[in-house]
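Here is what each chain is made of, one letter per residue.
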Amino acid sequence: MSAPERIPPGSVTPSRLPPPPSTDASRLVAPSELLALGELTVRGRVREASNAVLYCTVEYEGHSAPCVYKPVAGERPLWDFPDGTLAQREVAAYEISEATGWGLVPPTVLRDGPYGQGMCQLWIEVEVTTGAADGDGSGEAGGGELLALVEGDEPGPGWKAVGYAEVGEGRTALLVHADDVRLRRLAVLDAVINNGDRKGGHLLPAAGGRLYAIDHGVTFNADDKLRTLLWGWAGDPLPDDVLEVLRGLADQLADGGPLSARLAKLITEAEIEALRARVATLLRTGTHPEPSGQWPAIPWPPV
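Residues numbered from 1 in each chain as written. Predicted model: local features only at pLDDT ≥ 70, side-chain atom pairs only at ≥ 80, totals over all residues. Heavy atoms only, no water.

Details of the confidence of the model for the protein chain
- Taken residue by residue, the protein chain gives an average pLDDT of 87. The fraction at 70 or more is 86%.
- In the predicted structure, residues 1–24 sits below a pLDDT of 50 and forms 46 contacts with residues beyond four places in sequence or in another chain.
- Low pLDDT, under 50, characterises residues 131–143; the predicted model gives this stretch 26 contacts beyond four residues in sequence or across chains. (pLDDT = per-residue confidence, 0-100. Contact = heavy atoms within 4.5 Å.)

Put into structure tokens, the structure is as follows:
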């Protein structure tokens, strides 16, 4: 039985998703507490996902919020990730994001739900922007866009070049991403967690100028798997503030520390050692990593 068939689609896919319920703020509850202890109610299913992704609401002590629940039972096996689960890796990515202080991954926990153990993550409402991101060819950033296709060979002010992409009828365009400090931090985080699938659709601009990133199931492999759209800084020196964060992360990853103890419940010891080695390499070289050339560096499809 395939992974999607293990979760009955008819019972979790309404014609439209309900709006998030109201929240009683009589007592402040941390998002991780709400996600871990609240009652999960399945409201719908995200059909575009390759694994089972369920849209839910979670309620606890008068508080409620929309969230995503990815049960382990709905995961498709991956030959190159034989250990652990995608859900565990998603939680591990959140742990590293929190350890950096950048808050790039939405609150994520491992818990039991209606279809067994899985990861539960706060739902992020995307702030819609308009402007050059639809590929108007101007090469100038505007309106908070993160990715674009532009004409010519130069990315233009405010953009970093990634590479050329076929756009049909034998034409190519230059794929670029914004020269944005949030994306730059995410590029570093992806290098640390060895993200094998950083696509454009995983970037969620939110209210207040926040940027979140989702879908971290193929991370932490002990072998180099980095595939990303965020190659614009490849080979560039890491900013001083990033190096400071990496030094702090290296300290937190020390054997016997609380972060290492939490990660030991989620990924293997070999993967933790590889994680430490990647942080050490970034500190030693002081530069953003470059594609290895051993496999396609950009995930497909890129969105």
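Once the structure has been displayed, the description carries forward.
A look at the packing of aromatic side chains
- The full count for this structure, using the stated rule, is 1 aromatic pair.
- Between Tyr55 and Trp123, the ring centres sit 4.7 Å apart and the planes meet at 90°, which makes this aromatic pair edge-to-face. Taken as a pair, Tyr55 in strand β2 (residues 54–60) and Trp123 in the loop between β5 (116–122) and β6 (147–150) lie far apart in primary sequence, 68 residues in all. (Phe/Tyr/Trp six-rings, centres within 6.5 Å; stacked < 30°, edge-to-face > 60°. Helix = DSSP H or I, 4+ residues; strand = E, 2+ residues; numbered from the N terminus.)

Focus on the nonpolar core
- If you look at the biggest cluster of nonpolar residues, it comprises 50 residues, and the most contacted ones within it are Ile96, Leu183, Val192, Phe220, Leu249, Leu253 and Leu263.
- Listed by contribution, the elements that provide at least two residues to this core are α2 (86–100), β6, β8 (171–178), α3 (181–193), β10 (211–213), α4 (240–252), α5 (258–264) and α6 (269–285).
- If you look at the next biggest cluster of nonpolar residues, it comprises 13 residues, including Leu34, Val58, Ala65 and Tyr69. (Core = buried A, V, L, I, M, F, W, Y, C linked by side-chain atoms within 4.5 Å. Buried < 20%, exposed > 50% of the residue type's maximum accessible area, 1.4 Å probe, protein only.)

Some remarks on the pattern of salt bridges
- Inspection of every chain in the model, using the stated rule, returns 15 salt bridges.
- For Lys225, the salt bridge is made with Asp80, and the minimal N-O distance between the two is 3.4 Å. Here Lys225 is found in the loop between β10 and α4, whereas its partner Asp80 is found in the loop between β3 (63–71) and α2, with 145 residues between them in sequence.
- By relative accessible area, Lys225 is classed as buried at 15%.
- Residues participating in the shared-partner salt-bridge network are Asp255, Glu269, Glu273 and Arg276. (Salt bridge = Lys/Arg side-chain N within 4 Å of Asp/Glu carboxyl O.)

Side note on the pairing of β2
- For β2, a buried count of 6 out of 7 residues is recorded, marking the element as mostly surrounded by other parts of the structure.
- Examined bridge by bridge, strand β1 (residues 39–45) and β2 share 6 bridges and lie antiparallel to one another. Bridged to Val42 within β2 is Cys56.
- Relative to β3, β2 is paired through 7 bridges, and the arrangement is antiparallel. Each residue of the ladder has a partner; that of Leu54, found in β3, is Tyr69.
- Between β2 and β3, which pair antiparallel one after the other, the connecting turn spans 2 residues, and Glu61 there sits at a positive phi close to 50°. (Pairing = 2+ DSSP bridges.)

Notes on the packing of α3 against α6
- Closest axis-to-axis distance for the α3/α6 pair is 8 Å, and the angle between their directions is 135°. Here α3 lies oblique to α6, going by the angle between them. Together, Ala191, Val192 and Ile193 of α3 and Leu275, Arg278, Val279 and Leu282 of α6 make up the contact between the two elements.
- Residue classes in the contact of α3 with α6 are distributed as 6 nonpolar, no polar and 1 charged. (Axes fitted to C-alpha atoms, helices over the stretch in contact; angles between N-to-C directions. Parallel < 35°, antiparallel > 145°, perpendicular 65-115°, else oblique. Nonpolar A, V, L, I, M, F, W, Y, C, P; charged D, E, K, R; others polar.)

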